[in-house]
Each structure stands twice: as C-alpha cells, then as structure tokens.
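Listed below are the residues making up each chain.
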Amino acid sequence: MSTIDILGLHKSFGKLPVLQGIDLAVEPGEVVCVIGPSGSGKSTLLRCVNLLETPTSGTIHVGGVEVTDPDCDIDAVRRRIGMVFQQFNLFGHLTVRENVTIAQRRVLKRSRAEANRIATLNLERVGLAEKAGAYPAQLSGGQQQRVAIARALAMDPQLMLFDEPTSALDPELVGEVLAVMRGLAAEGMTMLVVTHEMAFAREVASRVVFMDGGVVVEQGPPAEVFGNPREERTKTFLHRVL
Ligand code: ADP
Ligand code: MG
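Quick caveat: nothing in here was measured; it's all calculated off a predicted structure.

(A) Representation of the overall build of the protein chain in the model. Each helix and strand in the protein chain was counted, giving nine helices and 10 strands. Its C-alpha atoms give the protein chain a radius of gyration of 18 Å, near enough to 18 Å, the size a compact globule of 242 residues would have. Taking the principal axes of its C-alpha atoms as reference, the protein chain extends roughly 55 × 45 × 35 Å. Here the protein chain holds 242 residues, and the buried ones make up 51% of them.

Written out as structure tokens, the structure is:
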C-alpha cells in the first residue's frame with residue numbers, strides 16, 4: 001500500500017486552475033522531492049494531502065485512507081502526518097520543550113512524563129537537547145526550524161511533508177536543517193519535500209518530481225531528471241536554477 005496515492009487531482013481557486021490533473025504516489029520509505037517554478041502549485045499539492053486545501057476533484061489516499069471521502073476522519077489522518085512549513089510557527093511564549101510536548105499532550109493524550117521523554121528523544125534527534133528550556137526568540141532560525149521538525153516527529157508521524165523548510169533561513173543556517181532531513185531520510189522516514197535545494201534533492205531524493213503549470217511535467221530518479229531531463233520545460237527550469 002502506498003503511503004500517499006493521488007489520482008486525477010484538480011484544484012482551482014475560483015476560476016484559477018492551480019492543479020490540473022496530478023497523479024502521484026509515494027511509497028513507504030521514499031523521499032520524493034518536488035521542484036518547479038514559483039506558482040506551479042507545489043504548496044497547493046502538499047496542502048491537499050492533509051486537506052488544508054479541499055481538492056476540486058480527484059482522490060487522495062493517505063496510508064490507505066481516502067482523505068477526499070467526505071466521511072473521512074481527517075483529524076485521525078492528520079495525526080499521522082508531520083508538516084513543516086517555511087515559517088516555523090513555534091509558540092513564542094512557550095519553551096522549546098513545551099512546544100514539543102503540547103500537541104503530544106493535547107492530541108495524543110500522553111502524560112507529562114511520557115511527553116517530556118519523547119520530546120527529549122526528538123530534540124536529541126535534531127541536535128537541540130540542550131535548548132529544551134530556551135524560548136524560540138533565543139534561537140537562530142535554523143534552530144527554530146529544527147525544533148519545528150522535532151515537534152512534528154514527536155507525534156510519531158508515518159509521513160512527513162516539508163514545504164520549502166529552508167527558504168526563510170539565512171544561507172549559513174540552511175545546512176543544519178538539511179542535515180536533519182538527510183538523517184530522517186537515512187532512517188527510512190517517508191517524506192514529500194518541496195524544495196529549491198537542488199543539491200539536496202539530487203543527493204537525498206529517491207525520486208524527483210518536476211511540476212509546472214499545475215501538472216507533473218516529468219519525474220524520475222534524480223540522476224535522470226537532473227542529468228538527462230526529457231522535457232523542454234524541465235531543461236529550461238534547471239538551466240535557470242542550477
Ligand atoms: P508554489 O508553491 O509552486 O509556488 P502555490 O501552490 O503556492 O505554488 O500557488 C499556485 C497558484 O495558486 C498561484 O498562482 C497562487 O497565487 C495560487 N493560490 C495559492 N493559494 C491560493 C489561495 N488560497 N487563494 C487563491 N489563489 C491561491
Ligand atoms: Mg510554495
């Protein structure tokens with residue numbers, strides 16, 4: 001069973017067609033990197049997976065559950081999906097530890113001790129165990145994004161969605177976040193990653209998906225998409241960004 005299975009996905013905002021027939025599957029343990037120009041629908045695609053956007057038509061299954069079925073318990077599905085955005089959205093009035101425990105306690109009903117134990121494990125995973133008592137404003141952007149990743153991991157997701165997780169960071173802080181993501185990939189985490197970091201996609205992705213104009217123009221192993229793109233639109237895009 002695929003972790004994500006998207007079939008015939010269309011999404012319009014009013015009259016503006018943004019996704020125009022996307023078919024895409026993500027298998028367990030795969031790292032799928034989505035690349036493409038600004039406005040091509042990458043974020044909308046990601047947001048449809050956990051129904052932050054409602055598809056206009058088409059079906060999406062996550063872990064075998066059809067999220068596009070009106071009777072779907074979307075909260076139950078979202079609990080199994082970690083999402084990391086460009087903006088980290090940490091609670092500024094809570095410490096790092098509290099940021100990583102709050103959803104564990106409220107959503108998963110874990111005890112304080114259990115939530116703290118899991119927070120520590122996941123802060124260690126992102127290299128920030130010593131920052132548990134700090135407030136977000138005391139951290140760099142790269143550290144804040146790593147806390148956001150730890151917060152998502154603490155919910156034991158079966159799937160992680162990343163939407164340009166390093167785009168808001170100063171260049172010298174990008175590497176530490178990508179290193180954490182590389183580690184997750186190596187552990188076998190299933191990941192769907194929208195990114196402008198072509199070197200990361202080339203190195204870490206099991207598959208690269210190039211989107212333009214709301215469709216998947218081409219996809220394949222990174223060596224093929226980067227080294228020998230078949231479509232003109234892919235070539236043009238790669239010439240611009242590489
Ligand atoms: P990308 O992430 O590839 O840059 P997006 O998915 O964010 O692209 O956006 C694709 C298109 O959809 C853009 O033209 C954008 O302006 C439009 N769009 C995205 N979200 C909304 C929205 N909530 N309402 C109206 N238009 C939107
Ligand atoms: Mg986007």
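(B) Representation of the site of ligand 1 within the structure. In the vicinity of ligand 1, the residues found are Phe13, Leu16, Val18, Pro37, Ser38, Gly39, Ser40, Gly41, Lys42, Ser43 and Thr44. Here an oxygen atom of ligand 1 and a backbone polar atom of Gly39 are 2.7 Å apart. Contact distances for ligand 1 include 3.2 Å between an oxygen atom and a backbone N or O atom of Ser40. Contact with the protein chains covers 59% of the free accessible surface of ligand 1, which is 560 Å². Where the shell around ligand 1 is concerned, the elements lending two or more residues are β2 (16-26) and α1 (42-49). The element best represented in the shell around ligand 1 is α1, accounting for three residues.

(C) Seen up close, the packing of aromatic side chains. Tallying each qualifying case throughout the model produces one aromatic pair. Measuring from centroid to centroid gives 5.2 Å for Phe210 and Phe237, while their planes differ by 35 degrees, and the two rings are tilted. With Phe210 in strand β9 (residues 207-212) and Phe237 in helix α9 (residues 232-241), this pair connects stretches of sequence that are 27 residues apart.

(D) The arrangement of the sheet that holds strand β1 (residues 4-13) in detail. Taken together, the four strands give an open sheet; going across it, the order is β2-β1-β4-β5, and neighbouring strands pair in antiparallel fashion. Looking along the sheet, the strands with just one partner apiece sit at the ends: β2 and β5 (65-66). Across five bridges, β1 lies against strand β4 (residues 57-62) in antiparallel orientation. Along β4, the bridge assignment pairs Ile6 with Ile60.

(E) Expanded view of the nonpolar core. In terms of nonpolar packing, the biggest core is built from 49 residues, with Ile149, Met160, Phe162, Met181 and Met191 touching the most fellow members. Grouped together as the second largest cluster of nonpolar side chains are 28 residues, Val26, Leu46, Cys48 and Ile60 included.

(F) Representation of the sheet that holds strand β7 (residues 159-163) within the structure. Overall, mixed pairing links the six strands, which are arranged β6-β7-β8-β3-β9-β10 in an open sheet. Strands at the two margins of the open sheet, each flanked by one partner only, are β6 (81-84) and β10 (215-220). Ignoring strand direction, the axes of neighbouring strands in this sheet form an average angle of 15 degrees. One ladder, built from four bridges, connects β6 with β7; its direction is parallel. Its bridge partner lying in β7, Val84 is registered against Phe162. Its contacts with the sheet put helix α6 (residues 171-186) on β3 (31-35), β7 and β8 (191-194), and the angle it makes with β8 is roughly 150 degrees.

(G) Structural context of the pattern of salt bridges. Evaluation of the coordinates by the stated rule reveals 10 salt bridges. Here Arg125 and Glu187 are joined by a salt bridge, their closest N and O atoms 2.8 Å apart. With Arg125 in helix α4 (residues 112-125) and Glu187 in the loop between α6 and β8, this pair connects stretches of sequence that are 62 residues apart. Residue Glu176 pairs with Arg146 through a salt bridge whose shortest N-O separation is 2.7 Å.

Definitions and limits used
The residue count restarts for each chain, going from 1 along the sequence in the order it is written. Written order determines the labels here, with chains lettered from A and ligands numbered from 1. It should be noted that, the model being predicted, local features are given only for residues of pLDDT at least 70 and side-chain atom pairs only at 80 or more, the latter also being counted only at that level, while totals for whole chains, interfaces and linings use all residues. Each side-chain value is derived from all of the structure's non-hydrogen atoms; neither hydrogens nor water enter the calculation. Helical segments are the DSSP runs of H or I of at least four residues, strand segments are the runs of E of at least two, and each set is numbered from the N terminus. All radius of gyration figures rest on C-alpha atoms, and the globule criterion is 2.2 Å times the number of residues raised to 0.38. Accessibility here uses a 1.4 Å probe with only protein chains present; expressed as a share of the type maximum, an area under 20% marks a residue as buried, one over 50% as exposed, and anything in between as partly exposed. Any residue with a non-hydrogen atom lying within 4 Å of a molecule or strand is treated as near it. Side-chain atoms alone can form a polar contact between residues adjacent in sequence; in general such a contact is a pair of N or O atoms within 3.5 Å, and within protein one must be able to donate a hydrogen while the other accepts it. Surface accessibility follows the Shrake-Rupley procedure with a 1.4 Å probe radius. Residue values consider only the protein chains on display as shielding. For this analysis, a ring pair means two rings from Phe, Tyr or Trp (six-membered ring only for Trp) whose centres lie within 6.5 Å, classed as stacked if their planes differ by under 30 degrees, edge-to-face if by over 60, and tilted for the remaining angles. Strand pairing is assigned whenever DSSP detects at least two bridges linking the two strands. Nonpolar core, defined: a set of buried Ala, Val, Leu, Ile, Met, Phe, Trp, Tyr and Cys residues in which side-chain atoms within 4.5 Å join the residues together. Angular values range over 0 to 180 degrees, each being the angle between N-to-C directions of two axes fitted as lines to C-alpha atoms, with helices fitted over their stretch in contact. Contacts are residue-level and defined by heavy atoms, with any inter-residue pair within 4.5 Å sufficient. By convention in these notes, a salt bridge is any Lys or Arg side-chain nitrogen within 4 Å of a carboxyl oxygen on Asp or Glu.

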